[in-house]
Amino acid sequence: MTPSMMAQERGEPLLQSGNGAAGGGAKGWPPPALARTVLKVLMWAVFLTWAAAIFFYPTKPAQAAFEGWMAATKQSLFGITGSIFLAFSAPILIVAALAYVYISAFPSDHIHVEKNKLKTLCFRLWTFPVLVDGPFGVVSAVEFIGIVLFIVYVVYSMTYYAVESVSLISKFGQISLTYSELLLYIIGLRFGSIGLFCMAFLFLPVSRGSVLLRLIDIPFEHATRYHVWLGHLTMALFTLHGLCYVIAWSLEGNLLGELAAWKEIGVANLPGVISLAAGLLMWVTSLHPVRKTYFELFFYTHQLYIIFVVFLAFHVGDFIFSFSAGPIFLFMLDRFLRFWQSRAKVDIISASCRPCGTVELVFSKPASLRYNALSFIFVQVRELSFLEWHPFSVSSSPMDGRYHMSILIKVLGSWTEKLRGIITDAQEQGRNGSESETGRITACVEGPYGHESPYHLMYENLILVAGGIGISPFLAILSDIIHRIEEGKPCMPKNVLVLWSVKKSNELSLLSAVDAQFISSSVSDKLHLDIQAFVTQESQPPLEEGIVGDDQKATGMFVKNGTTMSGLVGTGNNFWAGMYFAASTLGFVLAYALAQAYYVRRLNVFAWWHLGLVFVLCMAAGVALPGGLVVLLWHLSEKRKAEDDRWDAAAAAVPRAQDGEEEAEQTTNGADAADGGVSLAAVKTTRYGCRPQFEAEFAAFAEKAGGGAADVGVLVCGPPGLQASVARECRSHNLGRRGGRRRRAGAVFHFNSHSFDL
């Protein structure tokens, strides 16, 4: 089979996919650079204007401009709510709309274009670790700047409000409140307003398929860090907001009465208490010690976000809620699409348990589903839990086959232990001669998500650092690189070093999960691959090391649940995703206009909490009705495309069968072994009773790669301690190069972390 025929039989990775009608210009006709620049400038202008409006909102000039804006627009059908929404929520929706246009018109089709990112200052700031040890973990320069800006915003806003509050109190005449009570009311109000703006940012990174994350190429596993940081900040502000009012009500002697108050005009206190209680439960159970020990408790209580948001709308009403409604609407879009995708029960081509105890699942997928070797998916097994979804890195390359995708799962907790028990029981039945029971695993899959750009293909020199099951995404990377070199596809890596730490030597058998088991002579001439394995809890190799190293997975089970993975995912077809966003947004605006004209004004609805409920229901209606119709059409389109692919595959299988070729997906590596190919085990060096010395390993690799002229990409997947050690060494090398001290190999190291599967 020729390389071109093999390429047609395998799924294309994310950066190569044309993506249907919205896939960009024809080959050989790149879109004009001017249009790209204009779109970028426009998006940045809108975003920075929005951020500046939030930052300067406490100041008197900003307040005066905002009051003028409301006076000019409040007579419209949407009233004050529309004025605030246009000022503080619409900008982020405009950026999202422009982002869909941008990623559709200018897809990343060429690796050499992406490689230019390595030279930009912004990319270096994203990959340069500034903080290594501390409460934030490993923090890059850009992340550090973002943390500082948020701290400055909170401190600056509260300082400004505090000074303003003192002068404001002096202007009050004879009132029944004491100075302390009035000050607590004003300060509490300011804490709440700042928390509301922080909440606007809170929902942006938690949208897994968000077009905004794709635009700036931040994968979800990185964005969750920002959600955690913003969650701590937001809940701290809301807690202080509530605490100020509780103290003030206690001083007045009317605490219980105020807590139970549900006002028609003004802020309703009881919904605020319910919202804050739900937020506190989410906050406490999300703390690292609780989450690590009681993950199910964290997961289930985090579903209270619905109570948190809805009762917040009851608490503040529609016009105050619209300050942060835009990002919440984007989250609702993402959540509804994920619900549709995750309903499909996916066929499991293979479910097996490897000798080292690691579980391997191979899922059926449509040929059109796009992903790259840095992607991950969320998996639910309904026999274990109807609510739990766990993220796992994809261990197969998109070059491995068109119709399957595999993951490796290390047994670490009760969920994975039960999953292994189901599979081992089926294996035992197979060994005893009885048929494996089918349908015992009902799996649903959500995703894939991950980097929009294939960073592992942008570096000529690549270091992969893994701890234990952290090798899983790197297996996909190795397979992707080998297949690409074999087939003559764009691929930058020339030197690859793998540093892999495991506890026991039986884990080394995971290397057999790589589809490209043998490296042909043509590949070995272009790729220098060095795999250094470190077995930390064994001082010498076991007697059966050779057997363990080559051990393969045991026969598993096949489960037919009815369908392949769904192609409905925010990172999928850009055209349908953009249509879904446009239809939902227009549906929301239309629903709110109709509600205002034919319900609120006709029936004279005036209660703040009631108007907040109407606002939230209109948001949900826009997503579920016109958005749901687009998703349905998208689903039918994907279904028809999958059927066409199956017909094409069946038609192509006939001549292959006549020529004596196998119909199943396959690679040429078996033939390569007979032609003198080198196995991955042959390029692996195993050391016992020690850990990798990153300083020496990095320096030696940089020297071989070209010294000071080399760009070295470092990807790490492992526990926080391993990530911190690698980041510290990358920072040391880069600072040493800039300072011209103690480093012979002054290569520039780009650090990227990946933390799933742990």
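The preceding data block contains the structure.
Residues numbered from 1 in each chain as written. Predicted model: local features only at pLDDT ≥ 70, side-chain atom pairs only at ≥ 80, totals over all residues. Heavy atoms only, no water.

## Let's talk about the nonpolar core
Piece 1. By size, the foremost hydrophobic cluster in this structure holds 89 residues, and its most contacted members are Met 199, Phe 321 and Leu 330.
Piece 2. Sort the elements by how many residues they give to this core and helix α9 (residues 179–202) lands first, with twelve residues.
Piece 3. When sequence neighbours within four positions are dropped, the list of residues in contact with Leu 330 reads Ile 92, Leu 93, Ala 96, Leu 204, Ser 207, Leu 212 and Phe 581.
Piece 4. If you look at the next biggest cluster of nonpolar residues, it comprises 44 residues, including Val 496, Val 498, Leu 680 and Leu 715. (Core = buried A, V, L, I, M, F, W, Y, C linked by side-chain atoms within 4.5 Å. Buried < 20%, exposed > 50% of the residue type's maximum accessible area, 1.4 Å probe, protein only. Helix = DSSP H or I, 4+ residues; strand = E, 2+ residues; numbered from the N terminus. Contact = heavy atoms within 4.5 Å.)

## Some remarks on the sheet that holds strand β7 (residues 390–393)
Strand pairing within a sheet occurs via backbone hydrogen bonds; the two strands may be parallel or antiparallel.
Piece 1. Within the open sheet, the four strands sit side by side as β3-β9-β6-β7. Their pairing is antiparallel. Strands with a single pairing partner mark the edges of an open sheet, and in this sheet they are β3 (345–346) and β7.
Piece 2. When β3 meets strand β9 (residues 443–449), the two strands line up antiparallel, connected through two bridges. The partner of Lys 345 across the bridge, within β9, is Cys 444. (Pairing = 2+ DSSP bridges.)

## Some words on the environment of Lys 40
Piece 1. In this fold, Lys 40 is placed in helix α2 (residues 33–55).
Piece 2. For the pair formed by Lys 40 and Val 95, sequence separation is 55 residues and the distance between their alpha carbons is 9.9 Å.

## Brief notes about the sheet that holds strand β14 (residues 557–559)
Piece 1. The sheet built from four strands is open, its strands ordered β8-β5-β4-β14 with antiparallel pairing. Only two strands of the sheet have a single neighbouring strand rather than two, namely β8 (404–409) and β14. Strand-to-strand twist across the sheet, computed as the mean angle between neighbouring axes with direction ignored, equals 20°.
Piece 2. The pairing of strand β4 (residues 348–353) with strand β5 (residues 359–364) spans five bridges and is antiparallel. Residue pairing across strands places Ala 351 opposite Leu 361, the latter belonging to β5. (Axes fitted to C-alpha atoms, helices over the stretch in contact; angles between N-to-C directions.)

## Points about the pattern of salt bridges
Piece 1. Under the criterion given, the structure shown has eleven salt bridges.
Piece 2. In this structure, the salt-bridge partner of Arg 225 is Glu 143, at a minimum N-O distance of 3.0 Å. Here Glu 143 lies in helix α8 (residues 141–169) and Arg 225 lies in helix α11 (residues 220–252), a separation of 82 residues in the sequence.
Piece 3. Through salt bridges with shared partners, a single network forms among Arg 208, Asp 334, Arg 338 and Glu 446. (Salt bridge = Lys/Arg side-chain N within 4 Å of Asp/Glu carboxyl O.)

## So, the side chain of Asn 372
Piece 1. Residue position: Asn 372 is located in the loop between β5 and β6 (376–381).
Piece 2. Reaching out from Asn 372, the side chain makes a polar contact with the backbone nitrogen of Leu 374 at a distance of 2.8 Å. (Polar contact = N/O pair within 3.5 Å; in protein donor to acceptor, adjacent residues only side chain to side chain.)

## Looking at the side chain of Asn 461
Piece 1. In this fold, Asn 461 is placed in strand β10 (residues 461–467).
Piece 2. Under the relative-accessibility criterion, Asn 461 is labelled buried at 4%.
Piece 3. Within polar-contact distance, the side chain of Asn 461 engages the side chain of Asn 495 at 3.0 Å.
Piece 4. Residue contacts for Asn 461: discarding those within four places in its chain leaves Asn 495, Phe 701, Ala 705, Ala 710, Asp 711, Val 712 and Gly 713.

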